[in-house]
Amino acid sequence: MRGRSALLTALTLVTLPLALTAQAPDTTDVKQDRREVRHDRRELRSDRRDIKGDVKDVRQDRREIRQDVKSGDVKEARQDRRDLRADGRDVRRDVRDARADRRDLRRDRRDRRRDVHQKADSAK
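Residues numbered from 1 in each chain as written. Predicted model: local features only at pLDDT ≥ 70, side-chain atom pairs only at ≥ 80, totals over all residues. Heavy atoms only, no water.

Some details on the overall build of the protein
Next up, step 1: Helix and strand content of the protein: 2 helices and 0 strands.
Next up, step 2: Of the contacts made within the protein by residues no fewer than 6 positions apart, 76% connect residues no fewer than 24 positions apart.
Next up, step 3: Counting every atom, the protein has about 9,900 Å² of accessible surface; 51% of that belongs to carbon and sulfur. (Helix = DSSP H or I, 4+ residues; strand = E, 2+ residues; numbered from the N terminus. Contact = heavy atoms within 4.5 Å. Areas by Shrake-Rupley, 256 points an atom, 1.4 Å probe, with all protein chains shown as cover.)

Here it is in structure tokens:
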């Protein structure tokens, strides 16, 4: 009996590192996917903050245009309209970027789930 348990222990000590090295790439993939998800969340928060700021700029420009039109200052109103168009472009660009970041976030989460399930299936 003692010989069998010693043999089993020896086999376990030899095969365990081999099994761990076979799972190492999967672990690396999962860690990489987690890092990508965190990065995408951070970018999405930044884009939302940018959108809020740009929307505030649009509101301010509209307010200034109304005031300039009431006071009869045509040149200033024209400049504010240019600023309004530029701020509108910024909003559209930020919304497009946020949409791309949401798409990346969903894709990275899906990849992460696949990697975790593949790791669990390969461990069986």
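A look at the environment of Asp 57
Next up, step 1: Positionally, Asp 57 belongs in helix α1 (residues 2-71).
Next up, step 2: On the basis of relative accessible area, Asp 57 is assigned to the partly exposed category, the value being 36%.
Next up, step 3: In sequence terms Asp 57 and Asp 87 are 30 residues apart; their C-alpha atoms lie 6.7 Å from each other. (Buried < 20%, exposed > 50% of the residue type's maximum accessible area, 1.4 Å probe, protein only.)

A closer look at the pattern of salt bridges
Next up, step 1: For the structure shown, the criterion picks out 2 salt bridges.
Next up, step 2: Close ionic contact of Asp 90 with Arg 93 constitutes a salt bridge, the shortest N to O distance being 2.9 Å. A residue pair is termed a helical-turn pair when its members lie 3 or 4 positions apart in one helix, as Asp 90 and Arg 93 do in helix α2 (residues 74-123) at 3 residues.
Next up, step 3: Judged by its relative accessible area of 24%, Asp 90 is partly exposed.
Next up, step 4: Take Arg 93: its relative accessible area is 45%, and that puts it in the partly exposed class.
Next up, step 5: Asp 104 is the salt-bridge partner of Arg 107, the closest N and O atoms lying 3.5 Å from each other. Of this pair, Arg 107 and Asp 104 both sit in helix α2, 3 residues apart, which is roughly one turn of the helix.
Next up, step 6: Relative accessible area serves as the criterion here: at 28%, Asp 104 is assigned to the partly exposed category. (Salt bridge = Lys/Arg side-chain N within 4 Å of Asp/Glu carboxyl O.)

Topic: the nonpolar core
A general trend in soluble globular proteins is that nonpolar side chains are found buried together.
Next up, step 1: One finds Val 37, Leu 44, Ile 51, Ala 98 and Leu 105 forming the largest nonpolar core, which totals 5 residues.
Next up, step 2: For this core, the secondary-structure elements that each account for two or more residues are α1 and α2.
Next up, step 3: In terms of residue count, α1 provides more of this core than any other element does, 3 residues in total.
Next up, step 4: Not counting chain neighbours up to four residues away, the residues in contact with Leu 105 comprise Val 37, Asp 40, Arg 41 and Leu 44. (Core = buried A, V, L, I, M, F, W, Y, C linked by side-chain atoms within 4.5 Å.)

Brief notes about the side chain of Asp 87
Next up, step 1: Inspection of the secondary structure assignment puts Asp 87 in helix α2.
Next up, step 2: Despite being buried, Asp 87 has no salt bridge partner; Arg 89 is the closest side chain of opposite charge, sitting 8.3 Å away.
Next up, step 3: Leave out the neighbours within four places in its chain, and Asp 87 touches Asp 57, Val 58 and Asp 61. (Lys, Arg positive; Asp, Glu negative; His and termini not counted.)

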